[in-house]
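Residue strings, one per chain:
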Amino acid sequence: MKTKIFTLLGIVFLFFSCQKELLDLQEDSLQSFSMSSQLTASCEPDFESLHASLPNSVSIQTTANPGDDAYFDFDILNTDLAATGLQGWCGDVDGYLEVEGPYEFNVYSSYEDFPTEEFENPQNFPLVNWILNQDFIGKVSSISGETYTYGMVQWAIWELLDDNNCVNCFYLTGDVKDGWKQNRAALEAVAMEIVDAAVAEGQDFKPGCGQQVALMFIANERNPLNQIIQSIIYTVDVPEKEEDCKDCEGNVTELELKYNGDEEAHIVVKTKDEGVNGSKVVFEGNVAPGGTFTFMGNDENGTLGEEIKVYVDGDYVKIKTDCSEAIGPGLIIEDIEVISGKSSNGAYLCPIPCDECKGGVTSFTVEYTGSSPAQLKVAHKDAVLFNEMINPGQLITLSGSKDDGTFEENNLIFTLNGTAQSAPGHDEGEIHVSCSKPFYVGLPIGDSLVVTAGRSKDNGEMCAMNEMPCDECDGGVTSFTMEYTGLNNATLKVEHKNAVLFNAVVTPDQLITLSGSKDDGKFEENNLIISLNGVVLSAPEHDPGQIHVSCSKPFYVGLPIGDSLVVTAGTSKDNGPICEDIPPMQPDCQECKGGVTSFTFEYTGSDAELIVKDKNGVLWSGSVSNGQEITLNGSKDDGKFEENDLMFILNGVAQSAPEHDTGKIHMSCSKPFYVGLPIGNNIVVTAGTSKDNGPICEKNPPSTSAECDCDGKIVSMAVEYGGPNGATVTVGADENGNNSKTFNNVQTGEILNVTLGDIGNWWYWSVNGNVQGSIHTSCSDDILGNVDAEKSDFGNMGTYPNPEFGSNNGTFLVVMHTDDKGNTCTLDGYNVEVLPMDPTTPDSTECDCDGKIVKMSVKYDGPSGAVIVVTGDNGGSQTFTNVSKGDVITPTLGAVGNWWYYTVNGNLQASIHTSCSDDILGNVDASKSIFGNLGSYPDPADDDGNKNDGTFLVTSHTDEKGNTCSLTDGH
């Protein structure tokens, strides 16, 4: 097995090295600088892995300007780079950025391809990298005698990268906003020393291991005032190139070990046999807690022989070094941990793979996490294994004594200060070590002990719970952990009909673990009742007010229980750790998008001569026979074809395809391109890929946006919204957004459909009071599904590309429009009706609802002949029999609580929130309610991965104040 040793566990965010070196003055009075960041000469820097690890973009919030010895302090809010209190530099004088955000920034390394047009002098980034590896700040110049400041470093960066340096130079002198401007000549003279030094010594500079490399964060949006946002420069460690590792072969030749004890210890390492120097000792010395030590083999082959003994203050542990047992990084035996090593093959040892507990525990280590010393006793029915006072942070290792390495008894009893401790999924007061109950790294034993390492007989090193393979719930839940996500403290009670399992006040973010108590680890009863502040909670697809733990109803990591509890971990009897609810698989193929990059076609006729060419030349030519397949690939940098129109000429006759121009096959995906596309009578496309969507499917709807007729002025329009949820959107002719047509509580992905008539050449769309879209409506701009339209601006918040800023951040996508001649154009995949111009008709989401809903009408879309029972969470019930698909039923329960539950033929299909805090009228994407899992309306919870599976549509409701709200679209 050949894998990689990952010595860089993550990018360490350091701004400057703490090491300082004095500056020397050369004879020519030009200051000479040594590298202040520690350069590691023995390693090879790995820019390739660094670049591969960078996210495409990050969200950044600036928190201070000026920063703490930097131009900015800022936080990265997402991706693997997420961190707070970071320091950075401004990359350009142009633009604006103070304490604001968050904004989206694209991420680039200064040593990879980046948009050079964003900087006037991008060729000077090696000089900037040189400066950022010098630790200038706080050093005293040997030229001027002045102390270098962060402002001088910032000014030097601008001087190198920009064509004009700052004029006002705000924020370069700490709290004095314009201090630089007041003392410009003196400060710039000192800052110029940094520039001169970089030019003299930083040409072609590229940082090595132990040094820093500059990253660039370039904004892909503008600020609310439509101003350019300044770019940010930030440094990270240069990673070391990873070396190949191999499994142990022959004998171990060298080891690096770590001592994990609590106090400094005298450590001696001895081999089994004497080495060529006549001694068994390969290491001896005092080692502090957390300290590492390295030693080499001592026999004639340079190996450590069969085994070593590591003595810690006289007590020793054995480590097999003849490769007969797994050895490598991650091996922990009591207080000794293997960090790295090599064997006879010369390669580094691979980390020991972990696995689930199997065959019985042979050894494990627990850490005491209490705040004060305590008496720990570990025993089984025949012997006491440990009985001592332990201190916070202390590690205790226990090992089996049977011939096969396992423990004499399977049930161990842990007591702390005389109180027996328990673990999730184990019997009360006993810790089971046969592996038939969950045993893993991270297993909590009581509140103050946790397993930090372990080995089992059959599988060796144990994994942590999140490293173990998970599976669906099967055989019954044995343990699960919930997180309380509410904002305020609450009383949580968990019980079944025979016992109370938990009853205490919980705080926000608190984790609560519950374990079964039966011999097989399961719960005594399958139905648990969970309440918060006396209100009984429910979960999707479980019976109202009950959480089922037999695994016959969905139980998974991520299961919501009410609005404020969520399952974060769990185990089941037959399958161990329970997985998250897995989203539906993405399709293997999609429609053509972004341009064809390759395609294969089959020739089905008799022998013939075929030429495929574009206007620049021949792409393929030759004889073809029946059944022959030919593949063509694009040659542009993005994988597409050089030209969008290809010509297929068979025996001198140009071939055509449906909905393509005569004699041309179009490759941009604006015309139908799909597997099965016939080209003439004897050629058919059998496979293909497109730039944005990968493999192309067998069918592709006909294109509409390119061929739709639009004449005169657009009077009706529908757009798909891609901004923040819960927004207020207005549209009209006022360019400042003061328009009367309003959509309230708009959700991402919602279709907004409006008929305004001929109100001019521009429709302005605003979001929460800010204009985000200006759409040209004179039919001279191709706006249907075309966010690269020449005149229109589709916004800067959502999920569709915005052509002005060249990035993926538009707010609106036009999916339908009608002109004043009656021509209607609709984007593929959308079914939108043209609305009459009636500005007085209210949207269904704007109706008044106050208090509790007492009466409700729903359109049913499940199987016909059904028995539907509607119940409230605080009483009330109504039954409807022989209900057919399409029927509207009207239960009237009165004010019976916050939830009405709908069952169909005995199965719960919907839980609809009735407190007027959820917009349930015709809104199957309501934030709280679940509308079922049978019919044709989307289910927002998406319980089974099928988006088209709601059973009920609310068509009207009446509250206890008498307010009635009804849909107006014919339901």
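Residues numbered from 1 in each chain as written. Predicted model: local features only at pLDDT ≥ 70, side-chain atom pairs only at ≥ 80, totals over all residues. Heavy atoms only, no water.

A.B. asks: So, the sheet that holds strand β4 (residues 57-64): which residues are in play, and what are the values?
C.D. replies: Spatially, 6 strands are ordered β4-β5-β6-β9-β8-β7 in a closed barrel, and the strand pairing comes out antiparallel. Looking at each pair of strands side by side, their axes are set apart by 50 degrees on average, direction ignored. The pairing of strand β8 (residues 212-219) with strand β9 (residues 232-237) spans 6 bridges and is classified as antiparallel. The partner of M216 across the bridge, within β9, is I233. Together, β6 (83-90) and β9 form the strand contacts of helix α3 (residues 150-161), whose direction differs from that of β6 by roughly 55 degrees. (Pairing = 2+ DSSP bridges. Helix = DSSP H or I, 4+ residues; strand = E, 2+ residues; numbered from the N terminus. Axes fitted to C-alpha atoms, helices over the stretch in contact; angles between N-to-C directions. Contact = heavy atoms within 4.5 Å.)

A.B. asks: Before we move on, can you summarise the sheet that holds strand β55 (residues 770-776) with the specific residues and values?
C.D. replies: Spatially, β52-β51-β54-β55 is the arrangement adopted by the 4 strands of the open sheet, whose pairing is antiparallel. Since the sheet does not close on itself, it has two edges, and those belong to β52 (741-746) and β55, each with one partner. Within this sheet the neighbouring strands show an average axis-to-axis angle of 20 degrees, counted without direction. Summarising the sheet, strand β51 (residues 727-732) and β52 pair through 4 bridges and their orientation is antiparallel.

A.B. asks: Lay out the pairing of strand β40 (residues 596-603) in plain terms, naming residues and giving numbers.
C.D. replies: The buried fraction of β40 amounts to 7 of the 8 residues, a majority that puts the element mostly inside the structure. Note that β40 and strand β48 (residues 683-690) share 7 bridges and pair antiparallel. Note that in β48 the partner of T600 across the bridge is A687. Pairing between β40 and strand β43 (residues 629-633): 5 bridges, direction antiparallel. Opposite T600, over in β43, you have T631 as the bridge partner. (Buried < 20%, exposed > 50% of the residue type's maximum accessible area, 1.4 Å probe, protein only.)

A.B. asks: Requested: an account of α3, with residues and values cited.
C.D. replies: In this model α3 runs 17 Å from its N-terminal to its C-terminal C-alpha over 12 residues, within 8% of the 16 Å that 1.5 Å per residue would give. Burial analysis of α3 places 11 of its 12 residues in the buried class, the great majority of the element. Elements in contact with the buried residues of α3: β6, α2 (125-131), α4 (179-182), α5 (184-201) and β9. (Expected span 1.5 Å × (residues − 1).)

A.B. asks: Describe the packing of α3 against α5, and please don't skip the residues or the numbers.
C.D. replies: Where α3 contacts α5, the axes come no closer than 9 Å and their chain directions differ by 60 degrees. When the axis of α3 is compared with that of α5, the two are oblique. For the pair α3 and α5, the sense of crossing is right-handed. Facing α3, whose interface residues are M152, V153, W155, A156, E159 and L160, α5 presents L187, E188, V190, A191, M192, I194, V195, A198 and V199. Here the contact of α3 with α5 is built from residues that sort into 13 nonpolar, no polar and 2 charged. (Parallel < 35°, antiparallel > 145°, perpendicular 65-115°, else oblique. Left-handed = near helix turned anticlockwise from the far one by under 90°. Nonpolar A, V, L, I, M, F, W, Y, C, P; charged D, E, K, R; others polar.)

These values are about where atoms sit, not about what they do.
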